[in-house]
Structures are given as structure tokens and as C-alpha cells.
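# Coordinate analysis (summary)
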Amino acid sequence: MYSKIIYYNSLSNLLSVLVSCLYQPITTIMYKITLCLLMASLFSGCGIDYEGSTKYIFKGQITDRNGQPIPDIEVATFVDNGHASDIIGYDRTDGNGNYLMIFPKARNVETSLYINHEFYGSNTNSNYSGMEVVGIEQESIENYTINFSITKLFRNDDAVNLRINLVSISNRSIIKIRPLGLVQYSEIEYDPDFFGTVDNEDQYFDPDNRLYYVVAKNQDLVIKYVLQDNTVHDVHVPVGAEDLTYNLEY
Amino acid sequence: MAQDTVQKKTNTEYFRLYYVFPNGIGNNVLAKANNGVAGIGLSVTLYSINRLHFAIGYEFSQYNVTNASLAGNIKNTYINNFYFGALYKIPIVNRVDLTTKLTVGAFTVNQKSDGAKYGKQQGPAFTPGFDVDFKITGHLRIFAGLDYCLALPATHTASEYKSFFGTLHQLNITTGIKF
């Protein structure tokens, strides 16, 4: 089994408090036991709720930018309910770059797919880029299955640095921005239509108005962004073989 | 008449306590993504007529998940089976009996990692099997046997994996005592 991100172990807390109670006056003991039981019940309710009889299937293929399969790339399914999180699905790509993860359904969680993406206990391939597919809604899982089809990674020695200067030419500010293409540790929405949905984690606050990315050489990158009036925009940025600075006027 | 009573007592077994070597077979998640660790079982005779016994019992087995791709990133799989069954004892030679059996059970698959639980699957299980016992003294016997268990836990998944999770086959070795 591969490492979990977080799990709550209220039993050890319970035991340690009970042991310490042996040396306390009775009123303190009662107070601590009550507190302890309350904590235990609270934490036990914070775990992720799984439905063991329902099995979801995530599958796909990882290739390099030329379409050649990449073997032994780590792929994981991450679920988070706001209180606890878990790596519930795990696989490494086979010789054809294919991966398959079958795991029990988690209720009321946000689901992400990690591809060669670091997490606690992960074992990523440092020669290739990593990425995360976010916003996988349970409603979009048809026939209990998602086929992510082909995901492309690029070699880290085939990369350049991209600096984006945000240049304001209007009174509106950017509240979300993402480069789409071959980008190191990029976050991609599973459903592109959800890009316009902005939550607190997406709020963009950069005092220097500069963003830095590592991206693959020689590609046509798309930078997508949302302004504070919730309008979605994109610009195409041609990336060559050298480091690049791009002024994004908005 | 006295001889009949002695014969009845010799044929009757009341309680069985046994160790299970769990083993998944076939093309299903137990066989392809788990390794059997250990198990324990016990059963009690409710009623007997000569060599035929009706019993209830409980069996618990632990598996370790060996393939996270197929079984989820989870540490252990646990099997619980509450069963009712019929057993028939056949004398082989002096002190040695063969017992054939068929049980029907309420089967539950749980998956857990340390403190975390991953839900359960439930369904019926059908277990034909046999054991050979050896009389040590009085009613005390030791036995070893083989059980085939077909379990059909409820499963909701894509059709190509329904059987993989919903039709489980086990071939378990058992050994223990009965009296």
C-alpha cells in the first residue's frame, strides 16, 4: 500500500488521555474523558466515507510529446472531503504506458488525478514533467468509468523557463490564471467548461504581477485567465527553444 | 439399545474450532489482488440425527492487498461469513471419519487500512467442503479439511469488472479441533 496523505488516529489520542487520567483528580478525569470522547466522535466523523460495493475505474495512457508510451510513471487518485484526504487509487504505467486504477467510491469528495505528481510517499520519475487533473465530478463518471485517454508529459531536459508579466490596462484584476499545454506541475480541469468556476484557492494575489513556469520547448502555449467580472479569456504564447518573458495585457 | 447410544455419541460432534488458510482462486479480486494471511472459524451443532448434523458457524479471514491497481490503495481485505450448514459424517476406519458439508452463509467483504474503513460488500456464500478427523480421546478429535467457497457479494461497477468483484472463489484449507 502506498502512503496516505492524512488519516486521523483518534484511538491513540484516546489512550494517551486515558493513561494520563490515572494521575488526575476525579473531576479532571471526567472532564478529560468527556472531551476525549467528543474529540474521538468528531474525528471519526471526519474520515472519508466510502461505498465498498461501488467500484470506480480510472484508466488511460501516458506518452511523451511524440506519442511514445512512457512506462513506470506513477498515477494516483486523490480524494478530499475538506477534513480528510486520501490516495485511494494507485498504479504505475506498464510497458505500453497504460494505467488502471479500480477503487471504492468515496462520497462527497473532490477528486483529482495525479500523474507523476508528488505526494507524501510518492515515487515520481524525475526525468518527466508531472501534472494534476482537478475537478473530477462524480456526475461525469459514466458507467463507473473514466477513460482519460492519452496524457502527454515532456522530458525535463526539454524545457525552458517562462515568465509572465501581468500588465494591467483596465481596471479589472485577474482572479484565476492557468497556462495550458506542456507545463510542469500544471493543473488541468477535467471538464474545460468548469474553468470559469473560481473558488477561494484560485484567487490570484501576486504583488509583483509575475508568474514563473517551466514549460516544454517549441510549443504553442495557451494562457487562460478569468477576470474579476468572471469573463474568461485566453492568449496564445509561442514558446521556442529559449527562456521566454511574456507580457500579458489585460 | 445401549450400543445404539454409544454409536450416537461417537457419531455426534458438538463444537468445532479451526484455523483457516485462506486462498483466493480463479479470476477475481481475492485471487488476483490479495494474498491470504490467516483466518479462524468456529461452529456449533444445533441438531443431529445419527450422522447428519445441522450447525451454525462464523468464519473470519484476512487477506493482504498485493495489487493496489485492482483492489484500491488499501492495506487489508477481511472476509466474514456467518453460515448455516449440514454436515454428514462417514466413518472411514477406526478413529478416522470423513465429514462432508454444505453451508450457506451471509458473506461480507471489508477493506481497511489501519484505522480507515473503505466500506463493505455483502452477499450470499455457498461452501461445499470436507474434512478428515482423527479421534484423540473421548469426543476430542483433530481434523484437516478443504472448503470451496463461492461468494456473490453485491457489486456496482462496469460490466467487465462485475464478475471480478462480485463472484469470488476461495479454496481454503482448514485444520482444528472438534468435540
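No experiment lies behind these values; they were computed from the predicted model shown. Throughout, residues of each chain are indexed from 1 in the direction in which the sequence is written. Written order determines the labels here, with chains lettered from A and ligands numbered from 1. Since the coordinates come from a predicted model, pLDDT governs what is reported: local features require at least 70, and pairs of side-chain atoms require 80 or more to be given and counted, while whole-chain, interface and lining totals use all residues.

To continue, consider the interface of chain A and chain B. Contacts are defined on C-beta atoms placed from the backbone: any two residues whose C-beta positions lie within 7 Å are in contact. The interface is formed by 27 residues belonging to chain A together with 26 residues belonging to chain B. Counting from the N terminus, the helices are DSSP H or I runs at least four residues long and the strands are E runs at least two residues long. Among the elements that take part in the side of chain A that touches chain B, strand β1 (residues 50-63) of chain A stands out by supplying 7 residues, more than any other. Only Asp, Glu, Lys and Arg are considered charged, only Ala, Val, Leu, Ile, Met, Phe, Trp, Tyr, Cys and Pro nonpolar, and every remaining residue, Gly among them, polar. Grouping the constituent residues of the side of chain A that touches chain B by class yields 15 nonpolar, 8 polar and 4 charged.

To continue, consider the confidence of the model for chain B. Values of pLDDT, the confidence the predictor places in each residue, fall between 0 and 100. This prediction gives chain B a mean pLDDT of 94; 94% of its residues lie at or above 70. In the model output, the complex is listed with pTM 0.84 alongside ipTM 0.91.

Its identity is not glycine, yet Y144 of chain A carries a phi of approximately 65°, on the positive side. Here Y144 of chain A lies in the loop between β6 (131-136) and β7 (145-152). Residues with at least 20 other C-beta atoms within 10 Å of their own are called buried, those with 12 or fewer are called exposed, and the rest are partly exposed. The C-beta atoms themselves are positioned from the backbone. Residue class for Y144 of chain A comes out partly exposed when judged on the 18 C-beta atoms lying within 10 Å of it. Positive phi outside glycine occurs at R95 of chain B, with the angle close to 75°. Along the polypeptide, R95 of chain B turns up in the loop between β5 (76-93) and β6 (96-113).

This part is about the sheet that holds strand β11 (residues 210-216) of chain A. Residue and element names in this part refer to chain A. A pair of strands counts as paired when DSSP detects no fewer than two bridges linking them. Strand order in the open sheet formed by 3 strands is β11-β8-β14, and the pairing between neighbours is mixed. Lying at the two open borders of the sheet, with one neighbouring strand each, are β11 and β14 (244-249). When the angles between neighbouring strand axes are averaged without regard to direction, this sheet yields 30°. Inspection of the sheet shows strand β8 (residues 159-167) paired to β14 by 6 bridges, in the parallel sense. In the sheet register, R163 faces β14, and the bridge partner there is T245. Helix axes are fitted to C-alpha atoms over the stretch in contact, other axes to C-alpha atoms as well, and angles between N-to-C directions run from 0 to 180 degrees.

Let's shift gears to the confidence of the model for chain A. Residue and element names in this part refer to chain A. Per-residue pLDDT for chain A has a mean of 82; in total, 76% of the residues score no lower than 70. Within chain A, helix α1 (residues 10-21) has the poorest average pLDDT of any element, 43, and strand β4 (residues 98-106) the best, 98. With pLDDT under 50 throughout, residues 5-23 is counted as low confidence; its partners more than four residues away or in other chains account for 29 contacts. Within the model, the stretch residues 40-45 combines pLDDT values under 50 with 5 contacts to residues more than four positions away or in other chains.

Attention now goes to the nonpolar core. For this analysis, nonpolar core means a set of buried Ala, Val, Leu, Ile, Met, Phe, Trp, Tyr and Cys residues linked through C-beta atoms within 7 Å. Core analysis: the largest hydrophobic core is formed by 60 residues, its most contacted members being V75, M101, I115 and V215 of chain A together with V29 and A71 of chain B. Boundaries between domains were set according to an automatic or database domain assignment. Among the domains, domain 2 (50-152) and domain 3 (156-249) of chain A are the pair contributing at least three residues each to this core. When near neighbours in sequence (up to four residues on either side) are disregarded, V29 of chain B contacts N34, L70, A71, F164 and F165 of chain B.

The next thing to look at is the sheet that holds strand β13 (residues 232-239) of chain A. Paired through backbone hydrogen bonds, the strands of a sheet run either parallel or antiparallel to each other. All names here are of chain A. Taken together, 3 strands build an open sheet; the order of strands is β9-β12-β13 and the sheet is antiparallel. Looking along the sheet, the strands with just one partner apiece sit at the ends: β9 (174-180) and β13. For this sheet, the mean angle separating the axes of adjacent strands, direction not counted, is 20°. Relative to β13, strand β12 (residues 219-227) is paired through 8 bridges, and the arrangement is antiparallel. Opposite I223, over in β13, you have V235 as the bridge partner.

Our next topic: helix α4 (residues 159-166) of chain B. Within α4 of chain B the residues assigned to the buried category are F164, F165 and G166 of chain B. Across the axial projection of α4 of chain B, the buried residues extend over an arc of 165°, all falling on one side. Exposed and facing more than 90 degrees away from the buried side of α4 of chain B are S159 and E160 of chain B. Elements in contact with the buried residues of α4 of chain B: β1 of chain A together with α2 (29-33) of chain B. In this description, the arc belongs to the directions extending from the helix axis to the C-beta atoms.

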